[in-house]
Amino acid sequence: MAKLLYSATMSLDGFIAAPGGDMSWLTEHLAAPDPAAEGLVDRIGAILAGNGTYGGGDPNEGTDKEGAFGGRYDGPMVVLTHRPPAEPVPGVVFAGDLRTAVAEARAAAGDRYVNVLGANVARQCVEAGILDEVLVFIAPVLLGDGVRLFDSPGGTRVRLEPLKDESAHWYRVVYP
């Protein structure tokens, strides 16, 4: 069964998006090749994203690298939302609850990863006890404000176990 992997590039002070979900800060940090990021795309069978991430900014907008993973990902996407569009979108499934969204994404991913995009969906997966791994790329910048990698006020501590020794930080989620 497909594992759920939350991957994100984060500023050194813990933000994955600037205020308002602005992703333009990331553009300059995506220029250099990163072997860990490059190898990940081929291991992803489906993307699970929230509506904010799906409809949000793209640091490569308007370029030939627009889209998930610099435009290199071309596969199934499941969007968790209570506000699906009126018209179908090719290659995108819209689901109104987490259980359905995860089931759809896992079925589409086969034995590859379901890549979770968006802090809110990742938090919901952790709270449901279904997130398997976390992969964090750290950009050398301090944003000062924005969307945190993980934010769960009043939530419980989540233990992570290191998985790989790479340029990124990759962990297994350990549930009690």
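Just so it is clear, the structure is predicted and the values come from calculations on it, not from any experiment.

A.B. asks: What is the right way to look at the overall build of the chain in this model?
C.D. replies: On a plain count of helices and strands, the chain comes out with 4 helices and 10 strands. Ordered by position in the sequence, the α and β elements of the chain form the string β-β-α-β-α-β-β-α-β-α-β-β-β-β. Burial statistics for the chain: of 176 residues in total, 38% are counted as buried. Sequence separation of 24 or more characterises 76% of the internal contacts of the chain that already satisfy a separation of 6 or more.

A.B. asks: Help me understand the side chain of Glu 133, please; the structure alone is not making it clear to me.
C.D. replies: On the secondary structure map, Glu 133 appears in strand 7 (residues 133-139). Owing to a relative accessible area of 4%, Glu 133 belongs among the buried residues under this scheme. Here the side chain of Glu 133 touches Lys 3 through a polar contact of 3.4 Å, side chain to side chain. Contacts of Glu 133, omitting those with residues within four sequence positions, involve Lys 3, Leu 4, Leu 5, Tyr 6, Tyr 113, Leu 163, Trp 170, Tyr 171, Arg 172 and Val 173.

A.B. asks: Explain the confidence of the model for the chain to me, please; I cannot follow it from the model alone.
C.D. replies: One rule of thumb: low pLDDT means the predicted coordinates there are not for detailed reading. Overall, the predicted model of the chain reaches an average pLDDT of 88, with 89% of residues at or above 70. Taken element by element, the chain is modelled with least confidence in helix 1 (residues 35-40), mean pLDDT 77, and with most confidence in helix 3 (residues 98-109), mean pLDDT 98.

A.B. asks: Explain the nonpolar core to me, please; I cannot follow it from the model alone.
C.D. replies: Here is a general trend for soluble globular proteins: nonpolar side chains tend to be buried in one another's company. Judged by nonpolar contacts, the single largest core of 44 residues is most densely connected at Tyr 6, Leu 48, Val 116, Cys 125 and Leu 131. Residue contacts for Leu 131: discarding those within four places in its chain leaves Leu 4, Leu 5, Tyr 6, Val 116, Cys 125, Val 126, Val 173 and Tyr 175. One finds Ala 17, Met 23, Trp 25 and Leu 26 within the second-largest nonpolar core, a separate group that totals 6 residues.

A.B. asks: How do you make sense of the pairing of strand 3 (residues 44-50) when you look at a structure like this?
C.D. replies: Each regular strand displays side chains that alternate between the two surfaces of the sheet. The buried fraction of strand 3 is high, at 7 of 7 residues. For strand 3 and strand 6 (residues 113-117), the ladder comprises 5 bridges, and the chain directions are parallel. Each bridged residue has a counterpart across the sheet, and for Ala 46 the counterpart in strand 6 is Val 114. Here strand 3 runs beside strand 4 (residues 77-80); their pairing, made up of 4 bridges, is parallel. Residue pairing in the sheet places Ile 47 in a bridge with Met 77 of strand 4.

A.B. asks: Is there a simple way to explain the environment of Gly 45 in this structure?
C.D. replies: Secondary-structure assignment places Gly 45 in strand 3. Residues Gly 45 and Asp 74 lie 29 residues apart in sequence; the distance between their C-alpha atoms is 9.5 Å.

A.B. asks: Can you walk me through helix 4 (residues 119-128) in this structure?
C.D. replies: Spacing of three or four residues puts side chains on the same side of an α-helix, whose turn is 3.6 residues. Listed as buried for helix 4 are Ala 119, Val 121, Ala 122, Cys 125 and Val 126. What you see down the axis of helix 4 is that its buried residues fit within an arc of 165 degrees, all on one side. In the stretch just after helix 4, Gly 129 is the one whose phi turns positive, near 75 degrees.

Definitions and limits used
- Residues numbered from 1 in each chain as written.
- Predicted model: local features only at pLDDT ≥ 70, side-chain atom pairs only at ≥ 80, totals over all residues.
- Heavy atoms only, no water.
- Helix = DSSP H or I, 4+ residues; strand = E, 2+ residues; numbered from the N terminus.
- Buried < 20%, exposed > 50% of the residue type's maximum accessible area, 1.4 Å probe, protein only.
- Contact = heavy atoms within 4.5 Å.
- Polar contact = N/O pair within 3.5 Å; in protein donor to acceptor, adjacent residues only side chain to side chain.
- pLDDT = per-residue confidence, 0-100.
- Core = buried A, V, L, I, M, F, W, Y, C linked by side-chain atoms within 4.5 Å.
- Pairing = 2+ DSSP bridges.
- Arc of directions from axis to C-beta.

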